[in-house]
Structures are given as C-alpha cells and as structure tokens.
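# Coordinate analysis (summary)
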Amino acid sequence: MAKIVLVHSFRGGTGKSNTTANLATAIACTGQQVAVIDTDIQSPGIHILFGLEQDTPLKYTLNDYLWGNCAIEDAAYDVSPEAAKQNNGRVFLLPSSIEAEDMTRILHEGYDVRLLKNGFRSLVKALNLDYIFVDTHPGLNEETLLSIATANILVVILRPDRQDLQGTAVMVDLARQLKVPKMLIVVNRVLQDIDINAVRQQIESKYDVPVVGVLPNCDEMMRLGSSALFCLEYPDHPLTQEIKTVAQSVMT
Ligand SMILES: Nc1ncnc2c1ncn2[C@@H]1O[C@H](COP(=O)(O)OP(=O)(O)O)[C@@H](O)[C@H]1O
Ligand SMILES: [Mg+2]
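So, a few notes on the structure that sits alongside this text. (Residues numbered from 1 in each chain as written. Chains lettered and ligands numbered in written order. Predicted model: local features only at pLDDT ≥ 70, side-chain atom pairs only at ≥ 80, totals over all residues.)

### Comments concerning the site of ligand 1
As a structural note, the neighbourhood of ligand 1 is formed by 18 residues, with Gly-15, Lys-16, Ser-17, Asn-18 and Met-221 the closest of them. Secondary-structure elements contributing two or more residues to the shell around ligand 1 are helix 1 (16-28), strand 7 (182-190) and helix 10 (219-224). Tallying contributions element by element places helix 1 first for the shell around ligand 1, with three residues. The residue makeup of the shell around ligand 1, split by class, is four nonpolar, twelve polar and two charged. (Near = placed C-beta within 6 Å. Helix = DSSP H or I, 4+ residues; strand = E, 2+ residues; numbered from the N terminus. Nonpolar A, V, L, I, M, F, W, Y, C, P; charged D, E, K, R; others polar.)

### As for the environment of Thr-150
When you line up the elements, Thr-150 lands in helix 7 (residues 142-150). Note on Thr-150: 17 C-beta atoms within 10 Å, which makes it partly exposed. In this structure the C-alpha to C-alpha distance between Thr-150 and Leu-6, which are 144 residues apart in sequence, comes to 8.8 Å. Setting aside chain neighbours within four positions, we find Thr-150 in contact with Ile-4 and Lys-117. (Buried ≥ 20, exposed ≤ 12 C-beta atoms within 10 Å, placed from the backbone. Contact = placed C-beta atoms within 7 Å.)

### A word on the packing of helix 1 against helix 12 (residues 238-251)
Any two packed helices are characterised by the angle at which their axes cross and by the distance between the axes. Between helix 1 and helix 12, the least distance of the axes is 9 Å, while the angle of their chain directions is 70 degrees. In terms of their interaxial angle, helix 1 and helix 12 are classed as roughly perpendicular. Together, Asn-22, Leu-23, Ala-26 and Ile-27 of helix 1 and Ile-243, Lys-244, Val-246, Ala-247, Val-250 and Met-251 of helix 12 make up the contact between the two elements. For the contact of helix 1 with helix 12, a count of residues per class yields eight nonpolar, one polar and one charged. (Axes fitted to C-alpha atoms, helices over the stretch in contact; angles between N-to-C directions. Parallel < 35°, antiparallel > 145°, perpendicular 65-115°, else oblique.)

### Notes on the nonpolar core
In summary, soluble globular proteins display a tendency toward joint burial of nonpolar side chains. By size, the foremost hydrophobic cluster in this structure holds 72 residues, and its most contacted members are Val-5, Val-34, Ala-35, Val-36, Ile-132 and Phe-133. In terms of residue count, helix 1 provides more of this core than any other element does, six residues in total. With residues near it in sequence (within four places) discarded, Val-5 still touches Tyr-131, Ile-132, Phe-133, Val-134, Ala-151, Ile-153, Val-155 and Val-250. (Core = buried A, V, L, I, M, F, W, Y, C linked by C-beta atoms within 7 Å.)

### A look at the packing of helix 6 (residues 113-127) against helix 7
Across the interface, helix 6 lies against helix 7 with an axial gap of 10 Å and an inter-helix angle of 35 degrees. Along this stretch, helix 6 crosses helix 7, giving a crossing that reads as right-handed. Counting all contacts with helix 6, which are made through Val-113, Leu-116 and Lys-117, the residues of helix 7 involved are Glu-143, Leu-146, Ser-147 and Thr-150. (Left-handed = near helix turned anticlockwise from the far one by under 90°.)

### Re the sheet that holds strand 8 (residues 211-216)
With respect to topology, eight strands assemble into an open sheet ordered 3-4-2-5-1-6-7-8, the strand pairing being mixed. Each having just a single partner strand, strand 3 (77-78) and strand 8 make up the two edges of the open sheet. When strand 2 (residues 33-38) meets strand 5 (residues 131-135), the two strands line up parallel, connected through five bridges. In the sheet register, Ile-37 faces strand 5, and the bridge partner there is Val-134. Where helix 1 meets the sheet, its contacts fall on strand 1 (3-8), strand 2, strand 4 (90-94), strand 5, strand 6 (153-158) and strand 7, and the angle it forms with strand 5 comes to roughly 170 degrees. (Pairing = 2+ DSSP bridges.)

### Examining unusual backbone geometry
A positive phi angle is found at Gln-54, which is not glycine, with a value near 60 degrees. Mapped onto the fold, Gln-54 is located in the loop between helix 2 (46-49) and helix 3 (62-66). Given 15 C-beta atoms within a 10 Å radius, Gln-54 is considered partly exposed. Phi at Asn-88 takes a positive value of approximately 65 degrees, unusual for a residue other than glycine.

### Observations concerning the pairing of strand 1
Burial analysis of strand 1 places five of its six residues in the buried class, which makes it a mostly covered element. Note: strand 1 against strand 6, four bridges, orientation parallel. When the sheet's bridge partners are listed, His-8 is paired in strand 6 with Val-156.

### A few points about helix 9 (residues 196-207)
Taking 1.5 Å of rise per residue, twelve residues should cover 16 Å, and helix 9 covers 17 Å from first to last C-alpha, within 8% of that figure. Positive backbone phi, approximately 55 degrees, marks Asp-208, located one or two places after helix 9. (Expected span 1.5 Å × (residues − 1).)

### Some details on helix 1
The end-to-end C-alpha distance of helix 1, which contains 13 residues, comes to 18 Å, matching closely the 18 Å that a straight helix rising 1.5 Å per residue would cover. Where burial is concerned, most of helix 1 is hidden: 13 out of the 13 residues are buried.

Now the structure itself:
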C-alpha cells in the first residue's frame, strides 16, 4: 500500500520544501518509487530544488489537473537523480504553476480536495508508487486541513522559535482531532552549539509526538540557496545523515 506523507509547518521559511525534497530523494535512493506534489499553490517553489525551472511554461501542472484539463499523471515529471536510478528508485515531481494568473485563480476559487485525493489514487496506480510526498502551504487553510485528513503520515516541521512552537501546538491538536494515523516532528535550523537531546526532549514532552530528526542550521544549506538537493551535494554531512534517519522513520 502506497503511503501519503504530508509535510507541513505552521509558518513559512521553516525549511519545509528543502526537507520534503531531500526526504523524498533519500527514500528514492533506497529503491522506492516516490512522487512529490507541490500543493503550495500560492507560493510554489519545490520544483527549483529538482532543477525543473519552469522558465518556459510546462505543458501541464497540478493546476491543470485540478481544473480538469489533464490526467494527474500528465502533470508528473521524472526528475530522478542518478543516485536513485542506480537503485531503481524514481522521483516524479508534480509542480504547481508559477504563472501569476494561475496562482490567483486558485486563490480566488480554491480547489476541491476530493479531486486531489482521487488524484493520489490514480497517480499511485499510473506510476506504481510507494510514497507520495505532499509539500503544503504553511499555516491552516481549508485545503490544508482537508489534506491532513487524507494523509497516512504527517511530518510537522518547526524551528526552535517561540512563534513556531505555539503555532505547532495548534496544528498538532488539529491533526489529532483528524485522527492522522502517524505523526512525526522534525526540528530544523537548530544552532550547532545547542544541546540536541534537550531540544528533542523538550519538544516531545510538549506535544507528545516523536521527534524523529533534529536538523542543524548550516551555512552549506544557506549557500546552496535551494539550487540543488543538499543530500546529493553533501552526502557525508551530518544534516544528510539526519535526513536519512528521518527517512527511516517515515518508512517504518
Ligand atoms: N537546516 C538549514 N540550515 C540553513 N538554512 C536552511 C536550513 N533549512 C532550510 N534553510 C533555508 O531556509 C530557506 C527556506 O527554506 P524552504 O525549504 O524554502 O522553506 P519553506 O518551504 O518552509 O518555506 C531556504 O533559503 C533554505 O536554504
Ligand atoms: Mg516551501
């Protein structure tokens, strides 16, 4: 059975897109078939990490599927890195349109989450998927709430920041009410002189959710500036090791 993994954060800029892209890649490198769907329709960006620049408009994006213009698999692009292909793994990306007109249309009209849910099912069949990663828009809106309800696994990302901490409490409560089967927390951008175990314990006891990764804030990631996938550029970096640990927690 394919798993839907929703990656969410209460606030923007937490590293959600970078973490999603790297997690999906790490899992594909173990030989799995993975799709990444950009449902951050108001501020799409994860396509950049996979080198799908959208300089010339793509034939189909997720928007086209949501408007009934194509089958969902028509909006899937094979962006598999060599390291994944070598192990028979694949990464497919379903980008959101970066045309201003398309973004404002979705903002104005919203979209039908049931359509998205049915799309997940068709996509799993068409591409023989093991995992679908969903990069969401931060915060809570109706579509996100409904998407959370469709997830098998919710990965919540936060920084050690009091605004993130409070907002995350609201989200964790909601996800519990929506009975998400598995919830995991990843803390990102933790300063390197901070006691990682103390952070882990503090957050686990606050939310009663397992903290499966504490990712360091690092200059290399900032310098990369979303131009590539960190785990492929820095395979031996402690951040890559921690991403792989999170990947294991998602897969078990
Ligand atoms: N662990 C980290 N260390 C340093 N910079 C990071 C780290 N994680 C993310 N960033 C940077 O933070 C910015 C926002 O990341 P992004 O993944 O786009 O966040 P979001 O999708 O939550 O808005 C990017 O410039 C990214 O390079
Ligand atoms: Mg993002």
